[in-house]
Amino acid sequence: LPMAFRDVNARRHIGLQQLSSLALAGRTLLGPMKSCKFIVDESTNQSALISSAVRLIESLDLSSAAGQLLNETIQAQNKEFKTGMNTLLFLVGAWSNAVLECLQQNVPVSAIVSVMSEGLNSCCEKVQCLQISIHDVIKELCSSSLRPNAFKSKTCQIGCDSLLNRQIFLYFQKDTSGPEGVVPTNSYPHQDDDCSFNKRLASPLASFGSIASLVKPAGDKSTSVISGSGVIASSCNKKKLTHSRYFSTLGKSHFSSQQGNFQGYLSGQSADPCECYGLGHLAMALSHGNQTSVKLLQSIVAYQQERTECSGSSQFNIAEIMTCCLLGLPESYSCVSPGFVTLVAPEQATVVKYVEDKPLRILLMDGDLTEQYRHLGFNRPCNVRTILEHPNLQEGRAGDLWLSSMVDILTSFEVNLVLVKGNVCENLMERCIANSILVIGSVARDVLCAFGEVTGAQPVTYLAQLNASCVGSGAQVELWKACDGRAMDLGELVPVRIKVRGISLLTAVLTTTVASKMQLIEDQFWTFVYRLHHALNDGKVFLGGGAVELLCLSHIQMLAEQPLQAANKNAVKEFHNPWLAASATEYKSVVLQALASGWKQYLSAVMCNTAKAASELEACTSIDHHLKKAADCGCPSAYILKEFRRGDLLRGGSGPIADHGEGLKVYDNVTAKTEAWRRALDLVLLVLQTDAEIITGHKRNQLLNSHGSSEFMFL
């Protein structure tokens, strides 16, 4: 009977092969210097540039059961963390191949499942020594021991000795006992006066240094923005290539519904303000070298920290961040603007021009603004027979009466601005435009909450519920203006900005002239936002640049090389079933080596993708070299930590992958990374066991048909 069941391993495991094939498509998406892919929609012939496993999986044929499971796993990781999906996809493919190799060596499925699960659990415990608290990371990033001149070389130095820069520096001091560490009570930024907002933020964002933003002269009344493009204004100016047909960026998707307030960490004292901006440096370290979107995030961090300093705390609130994508402007126009920036139709823009700079009465709708809309849980009367449920609003008296009554309600309460969470009836929109009422649909719940807090407006589900206490006041709307102060008219859609005095909402305005790149830019921005979000939530980060994976590889290889007697004793303790313990011990080395091969392929792929190794052979040679030195050291974690701090970890022909730029260390999220590992292995083992059950059932049916039921039962 055991030999009969060993035939299972000799048969083809279709599910594992499908996982391997699907994961192979995302190999180039791994690492900070990933190679983007163009996805073409056959129905519309439109193309999109992607660098995310989520976007890739959405474009692949997932008709198979294994493909559906892979999609669900990646979507679950994306929904919870918004990062780690590329790592998950790669490890699914690497470990699927590793399991197939074990099956070819007739390793029982039970041994593969038990040993791989225990091996990953052991790795997750081992790598805890490479976790560093956020406070220590920020202190180290802001320390002069990390070659601060390296930051300056990457930065446009703009008046660091100016008074405004000195004020910004003081906002980020950890010690507020002295007179310079106290934030003035009148420093609260108000969006109705754009100059007061920008007076708090001293200089344009630099690549690795300042997290302050554009300051306008006192007399400049144009729309304020936090520039994310940076300004060249020093002797270290260098011409940079800003447009190319080759792209190398990051991407992830966005879920704006989550909220989170996390205690921030302030940087220590420094002689140079540009060296010490706490969370700004942390955001850059988590970005793995990408600068464009991180500048916007650093601006947001600077504003939020300044604002919350007034209340004695420092927080990063992801619920106060929104995005608005503008196609047709160069990427240098990307910026962060206080308030809510969105796109409206040209007809609505005429209303904006009419009510611009006037105080508006605002209404918030928590649902659709249509006649057919009913709230969730609505129960229709059981004793009423419906003859016509949805009358045509373009024809018929009933629709006209509803439209007229809705407009009458809005005009009676003098409502000028309506923000709707859901959809808006087109005919009602036209009526509102004719009455100079601006109605904006598909507004996020966080935006409604932000406006409700500062205007006093209370969300309503139906207009029939409206009363005077539900209407807020103090809102203003204007055409959004670019960095040069000019209003933008992009043809089909017009960007507008809604602001209220004291609102905490910020909108990252993302621009590009390449239509296929728009989604990619938004994805990468939200990736960095959520990396910082999860880092502050965890309160700690991993050493980046492959340090954690290298320690896992070293640890697994050490376990695989343990003497058989010691492994047997450990297996008896871990497994209550003696047969299972004996089986796991017998194949322990083979399975652990297979598990380790996944880590090695991961490190090799990252080194090749970042051009730190010319070939996979060179990458593997470098990895083996570090593994040998770590083993000779006697304490692999200490060796890896030392090499990480020196910048020599996994150094290839072009430099270390743990060091993106001179002196800039990179870090990874803790929970997101370990959960990606677990989800990848859980998926592979689930498909393995499912395939095994299918093959075993097929084998039993063959035995039943060939020998008869009685003989099969005897066996």
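Note that the structure is a prediction, hence the values are computed from the model and not measured.

Undergrad: Any chance you could break down the overall build of the protein chain for me, citing the residues and the numbers?
TA: Helices and strands together make up the secondary structure of the protein chain, namely 25 helices and 17 strands. Going through the 715 residues of the protein chain one by one, you find that 55% of them count as buried. At a minimum sequence separation of 6, the contacts of the protein chain that also span at least 24 residues come to 77%. When the accessible surface of the protein chain is summed, it comes to about 31,200 Å², and 51% of that surface belongs to carbon and sulfur atoms.

Undergrad: Describe in detail the sheet that holds strand β12 (residues 438–440), supporting the description with residues and values.
TA: If you walk across this open sheet you meet the 6 strands as β9-β14-β13-β10-β11-β12, and the pairing is mixed. With one partner strand each, in any of the chains shown, β9 (340–344) and β12 form the two edges of the open sheet. On average, adjacent strands in this sheet sit at an angle of 35 degrees to one another, irrespective of strand direction. Where strand β13 (residues 472–479) meets strand β14 (residues 494–500), 5 bridges bridge the pair, whose relative direction is antiparallel. Of the residues in β14, the one forming a bridge with L479 is V496. Its contacts with the sheet place helix α13 (residues 346–355) against β9, β10 (360–365), β12, β13 and β14, and it is angled at close to 115 degrees to β13.

Undergrad: Can you break down unusual backbone geometry residue by residue, with the values?
TA: Non-glycine residue N45 carries a positive phi angle of around 60 degrees. Among the secondary structure elements, N45 is positioned in the loop between β1 (37–40) and β2 (47–50). Phi angles above zero are rare outside glycine, and D357 is one such case at about 65 degrees. Examined against the element boundaries, D357 turns out to sit in the loop between α13 and β10.

Undergrad: Go over helix α18 (residues 547–560), please, and point to the residues and values.
TA: Because each turn of an α-helix spans 3.6 residues, side chains separated by three or four positions in sequence point in the same direction. Across its 14 residues, α18 extends 20 Å between first and last C-alpha, which sits within 8% of the 20 Å expected from 1.5 Å per residue. Burial analysis of α18 places 12 of its 14 residues in the buried class, which makes it a mostly covered element. Residues A547, V548, E549, L550, L551, C552, L553, S554, H555, I556, L559 and A560 constitute the buried set of α18.

Undergrad: Got a sec to walk through the side chain of Q348? Specific residues and values, please.
TA: Mapping Q348 onto the fold places it in helix α13. A relative accessible area of 9% means that Q348 is categorised as buried. Side-chain polar atoms of Q348 contact the backbone oxygen of V439, separated by 2.5 Å. When near neighbours in sequence (up to four residues on either side) are disregarded, Q348 contacts M429, I433, L438 and V439.

Undergrad: Just give me the short version of the packing of helix α6 (residues 109–126) against helix α21 (residues 588–609), but keep the residues and values in it.
TA: Remark: α6 packs on α21, axes separated minimally by 9 Å, with the N-to-C direction vectors making an angle of 55 degrees. By the angle between their axes, α6 is oblique relative to α21. Crossing of α6 against α21: the hand is right-handed. The residues of α21 that touch α6, namely those facing A111, I112, V115, M116, G119, L120 and C123, are K588, V591, L592, A594, L595 and W599. Across the contact of α6 with α21, the residue classes tally to 11 nonpolar, 1 polar and 1 charged.

Undergrad: Would you mind going over the packing of aromatic side chains in detail, with residue names and values included?
TA: If you walk through the whole model with that rule in mind, you get 7 aromatic pairs. With 6.0 Å between their ring centres and 75 degrees between their planes, F90 and Y602 make a pair best called edge-to-face. Linking F90 in helix α5 (residues 85–104) with Y602 in helix α21, this pair joins segments that are 512 residues apart in sequence. When the ring of W526 is compared with that of Y530, the centres are 6.1 Å apart and the planes differ by 45 degrees; the resulting orientation is tilted. Of this pair, W526 and Y530 both sit in helix α17 (residues 518–538), separated by 4 residues, roughly a single helical turn.

Undergrad: Explain the sheet that holds strand β3 (residues 131–133) to me, and be specific about the residues and the numbers.
TA: Strand pairing within a sheet occurs via backbone hydrogen bonds; the two strands may be parallel or antiparallel. One open sheet accounts for 3 strands, arranged β3-β16-β17; its pairing is antiparallel. Lying at the two open borders of the sheet, with one neighbouring strand each, are β3 and β17 (667–669). Taking the axes of each pair of neighbouring strands and ignoring which way they run, one obtains an average angle of 45 degrees across the sheet. Where β3 and strand β16 (residues 540–543) come together, 3 bridges link them in antiparallel fashion. Looking at the pairing, S133 lines up with K540 of β16. Sheet strands in contact with helix α7 (residues 134–141) are β3, β16 and β17, and its direction is about 80 degrees off that of β3.

Reading the values: rules and limits
- Residues numbered from 1 in each chain as written.
- Predicted model: local features only at pLDDT ≥ 70, side-chain atom pairs only at ≥ 80, totals over all residues.
- Heavy atoms only, no water.
- Helix = DSSP H or I, 4+ residues; strand = E, 2+ residues; numbered from the N terminus.
- Buried < 20%, exposed > 50% of the residue type's maximum accessible area, 1.4 Å probe, protein only.
- Contact = heavy atoms within 4.5 Å.
- Areas by Shrake-Rupley, 256 points an atom, 1.4 Å probe, with all protein chains shown as cover.
- Pairing = 2+ DSSP bridges.
- Axes fitted to C-alpha atoms, helices over the stretch in contact; angles between N-to-C directions.
- Expected span 1.5 Å × (residues − 1).
- Polar contact = N/O pair within 3.5 Å; in protein donor to acceptor, adjacent residues only side chain to side chain.
- Parallel < 35°, antiparallel > 145°, perpendicular 65-115°, else oblique.
- Left-handed = near helix turned anticlockwise from the far one by under 90°.
- Nonpolar A, V, L, I, M, F, W, Y, C, P; charged D, E, K, R; others polar.
- Phe/Tyr/Trp six-rings, centres within 6.5 Å; stacked < 30°, edge-to-face > 60°.

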